Amino acid sequence: WPHIMYSEVHNAIFSPSHKKAPGPSQITYLALQLAWQADATPIYLLISCCASTGFHPHVWCKTTAIALHKLGKPDYSDPRAYCLIQLEECLGKVLESI
């Protein structure tokens, strides 16, 4: 695995909007950004170690699915009348983007 640059982790945390919905842990991008500004080293080491070993923690793979009904559908008993939105863990998305 290639060496992970400090700037790659920084960009992965600060590129997405801090208003994005969090996953099941409720840790938002805003919380990650504030934690990075307070002390970036533990976050960098965590993401870097996971990426360099190819390990993706199972708790970061959990998602919450939200079913939203599509407007204008005549029959809401039909599953195709809904759109599923997957809320993924922000740390998992950071790791996947690297």
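Each remark here, short or long, concerns the structure printed above.
All values derive from a computational prediction rather than experimental measurement. (Residues numbered from 1 in each chain as written. Predicted model: local features only at pLDDT ≥ 70, side-chain atom pairs only at ≥ 80, totals over all residues. Heavy atoms only, no water.)

A. Representation of the nonpolar core within the structure. Counting residues in each nonpolar core, the largest one holds 18 residues, and the members touching the most others are V9, I13, L32, W36, I47 and V94. Contributions of two or more residues to this core are made by helix 1 (6–14), helix 2 (29–38), helix 3 (40–53) and helix 4 (90–97). The element contributing the most residues to this core is helix 3, with six residues. (Core = buried A, V, L, I, M, F, W, Y, C linked by side-chain atoms within 4.5 Å. Buried < 20%, exposed > 50% of the residue type's maximum accessible area, 1.4 Å probe, protein only. Helix = DSSP H or I, 4+ residues; strand = E, 2+ residues; numbered from the N terminus.)

B. Unusual backbone geometry, seen in detail. Unlike most non-glycine residues, Q26 shows phi in positive territory, near 70°. Structurally, Q26 is set in the loop between helix 1 and helix 2.

C. Here's a closer look at the environment of L91. Looking at the secondary structure, you find L91 in helix 4. Given a relative accessible area of 15%, L91 falls into the buried group. Separated by 55 residues in the primary sequence, L91 and W36 have C-alpha atoms spaced 12 Å apart. Beyond its immediate stretch of four places on either side in the chain, L91 contacts L32, I47 and W60. (Contact = heavy atoms within 4.5 Å.)

D. A look at the packing of aromatic side chains. Tallied over the full model, the rule gives three aromatic pairs. Between Y6 and W36, the aromatic rings sit 5.1 Å apart at their centres with planes inclined by 45°, giving tilted as the arrangement. With a gap of 30 residues between them, Y6 in helix 1 and W36 in helix 2 connect regions that are remote in the sequence. Assessed through its relative accessible area of 42%, Y6 is described here as partly exposed. The interplanar angle of 65° and the centroid separation of 6.0 Å between the aromatic rings of Y76 and Y82 together place this pair among those described as edge-to-face. Classification of Y82 by relative accessible area gives partly exposed; the value is 33%. Connected via pairs of aromatic rings, a cluster forms that spans Y6, W36 and Y44. (Phe/Tyr/Trp six-rings, centres within 6.5 Å; stacked < 30°, edge-to-face > 60°.)

E. Highlighting the packing of helix 3 against helix 4. With their axes 10 Å apart at the nearest point, helix 3 and helix 4 run at an angle of 55° to one another. The angle between the axes of helix 3 and helix 4 places the two elements in the oblique class. The interaxial crossing formed by helix 3 with helix 4 has right-handed handedness. Between helix 3 and helix 4, the contacting residues are I47, C50 and A51 on the first element and L91, V94 and L95 on the second. Looking at the contact of helix 3 with helix 4 residue by residue, the classes come out as six nonpolar, no polar and no charged. (Axes fitted to C-alpha atoms, helices over the stretch in contact; angles between N-to-C directions. Parallel < 35°, antiparallel > 145°, perpendicular 65-115°, else oblique. Left-handed = near helix turned anticlockwise from the far one by under 90°. Nonpolar A, V, L, I, M, F, W, Y, C, P; charged D, E, K, R; others polar.)

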